[in-house]
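# Chains, contacts and geometry: an overview
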Amino acid sequence: MHDVIISGGGPVGLFLGTLLRQSGVDVLVLEKRAQRSNHSRAIGIHPPSLAALESIGVAAPLIAQGVKIHNGMARTRGADLAGLSFSGGRAAHPFVLAVPQSVTESVLEERLQAQGPGVLVRGAQVLHAYDDGRQVTVSARVRRSEPDRGIEQDRGIGQDRQSGQIGQDRELGQDRQDGQVETGFSARLLVAADGARSGLRSQLGVATFNRNYPDTYLMGDFHDDTGDGSTAVLHLEPGGIVESFPLPGDVRRWVVHTDSLCVRPNAGSLAQLIRARTGAVVDSGTNSMLSAFTVRARLARRLIHGRVALIGDAAHEISPIGGQGMNLGWLDAAELAPIITAALDGKPSSGALQAFEQRRQRAARQAVRQAHLNMALGRPLPPAIMTMRNCTLARLIAVPAVHDFVARRFTMQ
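All of the points below concern the structure found in this document. (Residues numbered from 1 in each chain as written. Predicted model: local features only at pLDDT ≥ 70, side-chain atom pairs only at ≥ 80, totals over all residues. Heavy atoms only, no water.)

### A word on the packing of aromatic side chains
Here the distance between the centres and the angle between the planes together describe a pair of aromatic rings. What the rule picks out here adds up to one aromatic pair. Both rings, one in Tyr217 and one in Phe293, keep their centres 5.4 Å apart while their planes meet at 20°; by these two values the pair is stacked. Here the residue Tyr217 occupies a position in strand 13 (residues 208-223), and Phe293 occupies one in strand 17 (residues 289-300), the gap between them amounting to 76 residues. Phe293 carries the same exposure label as Tyr217, and that label is buried. (Phe/Tyr/Trp six-rings, centres within 6.5 Å; stacked < 30°, edge-to-face > 60°. Helix = DSSP H or I, 4+ residues; strand = E, 2+ residues; numbered from the N terminus. Buried < 20%, exposed > 50% of the residue type's maximum accessible area, 1.4 Å probe, protein only.)

Now the structure itself:
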């Protein structure tokens, strides 16, 4: 039996796994993807997260492969409106680090694997779990090509729902024609870091607060010919915001507010939108990532359920506008890890877990409010109203106290 099983081997699960392993905890990370995604996806790492990542020795390699964003600029109709500096304050890393999520996951996985073989099992989809009050038993569908981890199959999962099982009844240890086998794992604790569509959260029956927003966006990465260097730029235009952020390798991420969801997005249409609103010419032939998306917020009303804890997107799905979601998950993990290690050492944990739940839910609610403001700032407005709004913003940002407050909020400090 393991000390901890983590369902989900994305950035949050990998980080928590490494934190626990370097504290001597026997941890197993189960990730349903057979291979890492090579998409850039989440790119912003904020100062508090860099401090947390430093605790497992990955901040330096990530910084070496990323772009330090020290400054942001609000721009309208080609003219600079107001600037923000992220270099103030007391943060050890006074910048936002821009690095593709594929790189982030690679660095985190390498660090976790260095803690010992067999910690991460890829191609392992958690199906259900049973918490008997003393331990949690997990059933997972594992690719047959995965090496034997030396873990006995626990057929005790095959109990019915009346005994407290989470999920569907399945026979364990049964080979399937699709090259997979259902296997049982057991641990003293289970952490659900399995993303916004968390199967464990659903199986636990955890209620959520849900809000769907009317905003839609089109996002893509292109070769950077803007001359903006390492500055993040927000183009506040009547037709809707256009955001751009630097990435390594002379690449720039563009995010455009759209009137409706683009069902069949293409790089050419995104390039046309960028040029129409900002005047910037983007070479559609250099596109390396493209995504159209809607926005919602979903907050779990409970993060602790017996011997199961929810963190990351499983606990709180936040609008990607503002780049807070992945960072919020890392901070969940950083706060949960010492509570887990103390509990495994036999120390009382109920009070600490309750306080953890309250603090992380409060942090998630603040992130939702910040994302709401970010999206409101980017919605279309009539030109006259947009001009008045932008002038007011410029005057406010010119006040040092307001500037510093806004900079801290944008960097999750």
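### What about the nonpolar core?
With 67 residues, the main nonpolar core has Val4 and Leu30 as its most contacted residues. At eight residues, the largest contribution of residues to this core is made by helix 7 (residues 325-344). Contacts of Leu30, omitting those with residues within four sequence positions, involve Ile5, Ile6, Ser7, Gly8, Gly9, Val121, Ala124, Val126, Val138, Ala140 and Phe185. Residues Tyr213, Ile318, Leu328 and Ala367 belong to the second largest nonpolar core, which totals 18 residues. (Core = buried A, V, L, I, M, F, W, Y, C linked by side-chain atoms within 4.5 Å. Contact = heavy atoms within 4.5 Å.)

### Quick word on a positive patch on the surface
Together, Arg362, Arg365, Arg369, Arg408 and Arg409 line one region of the surface with positive charge. Take the positive patch: its biggest share by element is three residues, from helix 8 (residues 350-377). On the secondary structure map, Arg365 appears in helix 8. (Patch = residues over 30% accessible without salt bridge, like charges linked within 9 Å, V, L, I, M, F, W, Y side chains within 5 Å. Areas by Shrake-Rupley, 256 points an atom, 1.4 Å probe, with all protein chains shown as cover. Salt bridge = Lys/Arg side-chain N within 4 Å of Asp/Glu carboxyl O. Lys, Arg positive; Asp, Glu negative; His and termini not counted. Charge placed at Lys NZ, Arg CZ, Asp CG, Glu CD.)

### A closer look at the sheet that holds strand 3 (residues 44-45)
Sheet strands pair by backbone hydrogen bonding; their relative direction is either parallel or antiparallel. Read across the sheet, three strands follow the order 3-7-4 without closing on themselves; strand pairing throughout is antiparallel. On the outer flanks of this sheet lie strand 3 and strand 4 (67-69), each paired with one strand and no other. Of the pairings in the sheet, the one linking strand 4 to strand 7 (residues 96-98) comprises three bridges and is antiparallel in character. Residue pairing for strand 7: Val67 is matched across the bridge by Ala98. (Pairing = 2+ DSSP bridges.)

### Things to note about the pattern of salt bridges
Between side chains of opposite charge, pairing is possible as soon as their charged atoms come close. Per the counting criterion, the structure on display carries 18 salt bridges. Between Glu109 and Arg36 there is a salt bridge whose closest N-O contact spans 3.0 Å. Separated by 73 residues along the polypeptide, Glu109 in helix 4 (residues 101-113) and Arg36 in the loop between strand 2 (27-31) and strand 3 bring together distant segments of the chain. Arg252 is paired through a salt bridge with Asp224; the nearest N and O atoms lie 3.0 Å apart.

### Focus: the packing of helix 7 against helix 8
Axis separation between helix 7 and helix 8 bottoms out at 11 Å; the angle between their running directions is 170°. Compared by their axis directions, helix 7 and helix 8 come out roughly antiparallel. Touching Leu328, Leu331, Asp332, Glu335, Leu336 and Ile339 of helix 7 are Ala352, Leu353, Phe356, Arg359, Arg360, Ala363, Ala364 and Ala367, all from helix 8. (Axes fitted to C-alpha atoms, helices over the stretch in contact; angles between N-to-C directions. Parallel < 35°, antiparallel > 145°, perpendicular 65-115°, else oblique.)

### Focus on the packing of helix 1 (residues 11-21) against helix 7
Running from N to C, helix 1 and helix 7 point in directions that differ by 25°, and their axes come no closer than 9 Å. As far as their axial angle goes, helix 7 and helix 1 are roughly parallel. Of the two elements, helix 1 crosses helix 7, and the hand of that crossing is right-handed. Residues Pro11, Val12, Phe15, Leu16, Leu19 and Leu20 of helix 1 form the contact with helix 7, whose own contacting residues are Met326, Gly329, Trp330, Ala333, Ala334, Ala337, Ile340 and Thr341. Partitioning the contact of helix 1 with helix 7 into residue classes produces 12 nonpolar, two polar and no charged. (Left-handed = near helix turned anticlockwise from the far one by under 90°. Nonpolar A, V, L, I, M, F, W, Y, C, P; charged D, E, K, R; others polar.)

### Let's talk about the side chain of Arg252
Along the chain, Arg252 turns up in strand 16 (residues 251-258). Classification of Arg252 as buried rests on a relative accessible area of 0%. Of the polar contacts made by the side chain of Arg252, one reaches the side chain of Asp224; its length is 3.0 Å. Here Ser244 takes part through its side chain, which lies 2.9 Å from a polar atom of the side chain of Arg252. (Polar contact = N/O pair within 3.5 Å; in protein donor to acceptor, adjacent residues only side chain to side chain.)

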